[in-house]
Amino acid sequence: MCGIAGFVGKGGLSSLHAMLGEIVHRGPDAQGQFQDERVFLGHRRLSIIDLSGGAQPMASADGKLHIVFNGEIYNFAELRRELTTLGFRFATDHSDTEVLLVGYQAWGEQVVHHLNGMWAFVIYDKNKNKLFASRDRFGKKPFYYFNEAGTFGFASELRALTKHPACPGETSELAMQKYFAYGYIPAPHSILSNVWKLPAGHNLTYDLRTQAVEIRAYWELKLEPFEQIPANAEEQWCEEIRRLLEQSVKRRMIADVPLGVFLSGGIDSSAVAYYAAKHCEKLRTFSVGFTEASFDELPYANEVAALVNSDHRTETLDLNRAIDLVPQILDRMDEPLSDSSLIPTWLLSRFTRQHVTVALGGDGGDELFAGYDPFRALQHAENYARAVPRPMHKAIRLLAGMLPVSHKNVSLDFKVKRTLCGLSYPANIRSAVWMGPLEPTELEKFFGRKIDLEEVYSEAIAAWNSCPQGDQVDRTTQFFTRLYMQNDILTKVDRASMLNSLEVRAPFLDADLVDFVRRIPSSFKLRNGTTKYLLKKALEPVLPASILYRRKKGFGMPVGEWLRKGSLQPVAKDSRNPEFTERALKAHRAGRADERLFLWSEFALERWQKSRAT
């Protein structure tokens, strides 16, 4: 796990060093650099595998290939054996970076199809006079780039990229609209105009002769349910899920440094902890709890820790003290992110890093197995759309708006109001509206002009259309896996963990497990209002019902209450629309409305703008 940066064109080693200086937290153990005329490659290393070898940038034996790589290849041992039988030799003892480099020698750009892991890498191919870059299937590892005025630059973080003098610096108007529509900025867009994120599952080629960039998708999640469903499908598929999940966890436990598990007490992290405990002498697990009961999950985490007999470490935090860390955390973000669970994720990462260098987490389970609350609202949404004439939607929302505002975690009034909000819009953008800070009519008020909804919500519409034969559950799954997971969940975990020099691995995103789950019909994921139905059934032999069937809490923070009390305070005059923001702030503080999503988004944006100006 590392940070990478580099460029081709204008600039020198001083520019490279400035870029690397911004990502020391991603690789505090070592720094490396390579220069070949106009080509500059840089690397910051967090040593995980082959501590004595594996230094980067790494060159092939003939010196014709050079690589900088951020990530982990979990099947590197199998690939190394396969490449050895093909006649290739290795200089390092067990470096996955060298396996990746040799794999490129053997298979060229097709190497990505052999990889099971998380990655963002760049290979300088001197023979072909090009850079070849790739990002993993789900986008766990970040990759920003620009191609302007004869210079191509790339980096793991936007902050590093902007240290190159040729990097564009203007804020993108479209990205701002998308930020307030989604709560994040979806790839390939970034907050800066003409600076891009390589989307998950894509390769990039930069031709040094023509200075042209070519982007190609090498993988996308396709939901293709089994055509034949066996008579004992539930039993058979549950067994396969358990086998693949255990295999995935075992793969991700390979490390030459201390390793542990994030344990929230939810289904996904508990399953990971259970299987990890089977493959080590004494598993270390980590949890953070909160003094506010509606946000605290420690009792569940403690229950699972006792079940798997782990060395369990916990930290209980006073939420009123945690607020003091909010500006510090937001100021280090590459781009504004409206997911307030960034804060507890950062706190958990900081606590965990005091004991281990690698942690396994449960990310991906909710997206792949239909675990979020909006999935349960889908059937109600369909019935509502059929039974309630559209002119009545506004009146019903006004009635719901009379419900008393509660700032407890996932409160009933919050869910009712958000659900009705989404139901006012077409199905292809409904999930985005459910999750976003501003609905379309509010977007237009905030930006003060007509908004092209097809352009702003283009990613949500594309995700919906990518599953033409699917039902609403499959189409919604595509939204959560393609957009929400890549641009919110995985971005949040990457930034929060790497700011603390901690590597986090996600067993639910294993290539083999995903390839099986994508074939499971939606009726086995959501059944009679039960989310993650088949996963829960699969885990019944290993986890107690008190964990599998408890009410979902999420990993939230009381930002609604903080904003109401004035503990967090967006500065309305700094807003894009001061009058809009001031009205929302007054309504929220008076208890007339719950504006937490917008106000937190506005606060996060303000912090990003101020940190960029300093």
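A brief look at the structure comes next. (Residues numbered from 1 in each chain as written. Predicted model: local features only at pLDDT ≥ 70, side-chain atom pairs only at ≥ 80, totals over all residues. Heavy atoms only, no water.)

### Some points on the overall build of the chain
Looking only at helices and strands, one finds 26 helices and 17 strands in the chain. A compact globule built from 614 residues would reach a C-alpha radius of gyration of about 25 Å, and the chain, at 24 Å, matches this within 12%. Out of the 614 residues in the chain, the part that is buried amounts to 62%. With the model as given, the accessible surface of the chain reaches about 23,300 Å², and the carbon-plus-sulfur share is 49%. With 77 positive and 74 negative side-chain charges, the chain shows a separation of 3 Å between the mean positions of the two kinds. (Helix = DSSP H or I, 4+ residues; strand = E, 2+ residues; numbered from the N terminus. Rg over C-alpha atoms; globule rule 2.2 N^0.38 Å. Buried < 20%, exposed > 50% of the residue type's maximum accessible area, 1.4 Å probe, protein only. Areas by Shrake-Rupley, 256 points an atom, 1.4 Å probe, with all protein chains shown as cover. Lys, Arg positive; Asp, Glu negative; His and termini not counted. Charge placed at Lys NZ, Arg CZ, Asp CG, Glu CD.)

### Quick look at empty space enclosed by the protein
Going through the model one piece at a time under the given rule, you end up with five cavities of 30 Å³ or more. In this structure, the largest cavity occupies an estimated 160 Å³ of space. As for the largest cavity, its lining consists of 17 residues, and the residues nearest its centre are Tyr 144, Lys 197, Glu 335, Asn 487 and Thr 491. It is helix 20 (residues 472-498) that provides the largest number of residues to the lining of the largest cavity, a total of four residues. Here the lining of the largest cavity is built from residues that sort into nine nonpolar, three polar and five charged. (1 Å grid on protein atoms, 1.4 Å probe; cavity = no way out; pocket = protein on both sides within 12 Å on 5 of 7 lines; lining within 4 Å. Points joined across faces, edges and corners; volume = space filled by probe spheres on them. Nonpolar A, V, L, I, M, F, W, Y, C, P; charged D, E, K, R; others polar.)

### Notes on the pattern of salt bridges
Scanning the model with the defined rule gives 40 salt bridges in all. With a shortest N-O distance of 2.9 Å, Lys 532 and Asp 366 are connected by a salt bridge. You can see Lys 532 sitting in the loop between helix 21 (511-517) and helix 22 (533-539) and its partner Asp 366 sitting in helix 12 (residues 365-368), a full 166 residues away along the chain. A salt bridge links Arg 518 to Asp 515; the shortest N-O distance between them is 2.8 Å. (Salt bridge = Lys/Arg side-chain N within 4 Å of Asp/Glu carboxyl O.)

### A short note on the pairing of strand 5 (residues 65-73)
Of all nine residues that make up strand 5, nine are buried, and the element is covered over most of its length. Relative to strand 5, strand 4 (residues 58-59) runs antiparallel, the two sharing two bridges. Bridging from a neighbouring strand, Ala 59 pairs with His 66 of strand 5. Hairpin connection of strand 4 to strand 5: five residues between the antiparallel strands, including Gly 63 at a positive phi of 75°. Note that strand 5 and strand 6 (residues 117-125) share nine bridges and pair antiparallel. Within strand 6, the residue paired with Phe 69 across the bridge is Phe 121. (Pairing = 2+ DSSP bridges.)

### Considerations on the sheet that holds strand 3 (residues 39-45)
An order of 2-3-1-9-8-10 is seen for the six strands of this open sheet, with the pairing classed as antiparallel. Every other strand in the sheet has two partners, leaving strand 2 (30-36) and strand 10 (196-197) as the edge strands with one partner each. Here helix 1 (residues 13-21) sits on the sheet in contact with strand 1 (2-8), strand 2, strand 3 and strand 9 (151-155), set at roughly 150° to strand 1. (Contact = heavy atoms within 4.5 Å. Axes fitted to C-alpha atoms, helices over the stretch in contact; angles between N-to-C directions.)

### Quick notes on the sheet that holds strand 14 (residues 284-290)
By way of backbone hydrogen bonds, the strands of a sheet pair with one another, either parallel or antiparallel. Here we have five strands laid out as an open sheet, ordered 15-14-13-16-17, and parallel in their pairing. Two strands lie at the open edges of the sheet, namely strand 15 (311-317) and strand 17 (503-505), each paired on one side alone. Averaged over all pairs of adjacent strands, the angle between strand axes in this sheet comes to 30°, irrespective of strand direction. Here strand 16 (residues 358-360) runs beside strand 17; their pairing, made up of three bridges, is parallel.

### Quick word on the side chain of Ser 156
As for its placement among the helices and strands, Ser 156 is situated in the loop between strand 9 and helix 4 (158-161). Exposure remark for Ser 156: the relative accessible area of 0% places this residue in the buried category. In terms of polar contacts, Ser 156 uses its side chain to reach the backbone amide nitrogen of Ile 4, at 2.9 Å. Not counting the four nearest positions on each side in its chain, Ser 156 is found in contact with Gly 3, Ile 4, Arg 26, Asn 70, Pro 142, Tyr 144 and Asp 334. (Polar contact = N/O pair within 3.5 Å; in protein donor to acceptor, adjacent residues only side chain to side chain.)

Keep in mind these numbers describe shape, not what the thing actually does.
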